[in-house]
Amino acid sequence: MHTEKTKPGKIALALYIIAALFAVIALFSLYNVTTYITSLAEQGMDLQSQMVDVIMYYISNCAAWIFDAAALFGLGYLIHKLTNKKAEDDQMMEIDTEAETEAGAEEAQEAASEGETTEEAQEKAPEEAEEQTTEEGEAAEAATEIEVIGEATEDKAEENAEASKKDKTV
């Protein structure tokens with residue numbers, strides 16, 4: 001099925017905007033951390049020996065913004081896709097309803113061409129449904145009988161096993 005590109009809803013759009021804002025803040029934070037570390041290096045700090053501290057400083061100042069931006073973008077995307085899916089489902093249901101209406105009209109036309117009135121065709125439909133229900137009921141009864149026979153066979157096998165145990169002990 002070909003899906004059209006649709007505009008995101010208000011909630012998804014708001015999440016996208018906030019995610020973009022957080023991404024900009026993350027970039028600004030990365031810039032500030034880099035300039036600070038560079039200034040420390042210019043003052044004579046040995047970055048090689050303090051590499052763990054430098055990495056932790058980057059993570060503590062930037063990771064939260066990056067994660068939040070990614071999470072909000074993901075939520076916006078999810079909401080956007082779910083609302084599109086719901087719209088597609090509603091559209092498909094509408095198409096199905098139209099198809100059923102057309103099928104009913106075709107059945108009425110067939111009945112009319114066969115000489116039946118619309119009322120006769122409507123009366124005939126419940127009878128056909130009742131026949132199908134009766135067949136399903138008979139199938140369920142047969143399945144129940146098979147289950148009962150299976151249980152009786154299992155019970156008989158257990159009785160035979162107990163009897164053979166008693167014979168062995170005597």
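Residues numbered from 1 in each chain as written. Predicted model: local features only at pLDDT ≥ 70, side-chain atom pairs only at ≥ 80, totals over all residues. Heavy atoms only, no water.

Draft legend 1. How the structure looks around the overall build of the protein. When its secondary structure is counted, the protein shows three helices and zero strands. Among the 170 residues that make up the protein, the fraction classed as buried is 11%. Considering only residue pairs separated by 6 or more positions, the protein has 81% of its internal contacts joining residues 24 or more positions apart. For the protein, the computed accessible surface area is about 14,000 Å², with 59% contributed by carbon and sulfur atoms. (Helix = DSSP H or I, 4+ residues; strand = E, 2+ residues; numbered from the N terminus. Buried < 20%, exposed > 50% of the residue type's maximum accessible area, 1.4 Å probe, protein only. Contact = heavy atoms within 4.5 Å. Areas by Shrake-Rupley, 256 points an atom, 1.4 Å probe, with all protein chains shown as cover.)

Draft legend 2. Seen up close, the environment of Ala23. Here Ala23 lies in helix 1 (residues 10-42). The exposure class assigned to Ala23 is partly exposed, which follows from its relative accessible area of 33%. Residues Ala23 and Asp68, 45 residues apart in the sequence, show an inter-C-alpha distance of 8.4 Å.

Draft legend 3. Highlighting the nonpolar core. Membership of the largest hydrophobic core is limited to five residues, which are Leu15, Ala19, Phe22, Ala69 and Leu72. Elements with a contribution of two residues or more to this core: helix 1 and helix 2 (51-113). Tallying contributions element by element places helix 1 first for this core, with three residues. When sequence neighbours within four positions are dropped, the list of residues in contact with Ala19 reads Ala69, Leu72 and Phe73. (Core = buried A, V, L, I, M, F, W, Y, C linked by side-chain atoms within 4.5 Å.)

Draft legend 4. Looking closely at the environment of Ala19. Along the chain, the position of Ala19 falls in helix 1. Relative accessible area serves as the criterion here: at 5%, Ala19 is assigned to the buried category.

Draft legend 5. Seen up close, the packing of aromatic side chains. For the coordinates displayed, the defined rule picks out three aromatic pairs. Both rings, one in Tyr16 and one in Phe73, keep their centres 5.2 Å apart while their planes meet at 40°; by these two values the pair is tilted. A residue pair is termed long-range when its members are at least 10 positions apart, and Tyr16 in helix 1 and Phe73 in helix 2 qualify at 57 residues. Judged by its relative accessible area of 47%, Phe73 falls in the partly exposed class. Between Phe22 and Trp65, the ring centres sit 5.3 Å apart and the planes meet at 80°, which makes this aromatic pair edge-to-face. Placement of Phe22 in helix 1 and of Trp65 in helix 2 is noted, with a sequence separation of 43 residues between them. (Phe/Tyr/Trp six-rings, centres within 6.5 Å; stacked < 30°, edge-to-face > 60°.)

Draft legend 6. Region of interest: the side chain of Ser29. Residue placement: Ser29 occurs in helix 1. For Ser29, a relative accessible area of 12% translates into the label buried. Residues in contact with Ser29, not counting those within four places in the same chain, are Asn61, Cys62 and Trp65.

Draft legend 7. Geometry of helix 1. The end-to-end C-alpha distance of helix 1 is 48 Å, a good match for the 48 Å that 33 residues give at a rise of 1.5 Å each. Taken as a whole, helix 1 has its buried residues at Ala12, Leu15, Tyr16, Ala19, Phe22, Ala26, Ser29, Val33, Ile37 and Leu40. One or two residues past the end of helix 1 sits Gly44, with phi positive at roughly 110°. (Expected span 1.5 Å × (residues − 1).)

Draft legend 8. Representation of a nonpolar patch on the surface. Nonpolar side chains collect at one region of the surface, where Met51, Val52, Ile55, Met56 and Ile59 lie side by side and expose about 460 Å² of accessible area between them. Along the chain, Val52 turns up in helix 2. (Patch = residues over 30% accessible without salt bridge, like charges linked within 9 Å, V, L, I, M, F, W, Y side chains within 5 Å. Salt bridge = Lys/Arg side-chain N within 4 Å of Asp/Glu carboxyl O.)

Draft legend 9. Representation of the confidence of the model for the protein. Model confidence for the protein is summarised by a mean pLDDT of 77, while 59% of its residues fall at 70 or above. For the protein, per-element mean pLDDT is lowest for helix 3 (residues 118-169), which scores 64, and highest for helix 1, which scores 94. (pLDDT = per-residue confidence, 0-100.)

Draft legend 10. Looking closely at the environment of Leu30. Structurally, the position occupied by Leu30 is in helix 1. As a C-alpha pair, Leu30 and Ile59 span 29 residues in sequence and 9.5 Å in three-dimensional space. Apart from residues no more than four positions distant in its own chain, Leu30 is found in contact with Tyr58 and Cys62.

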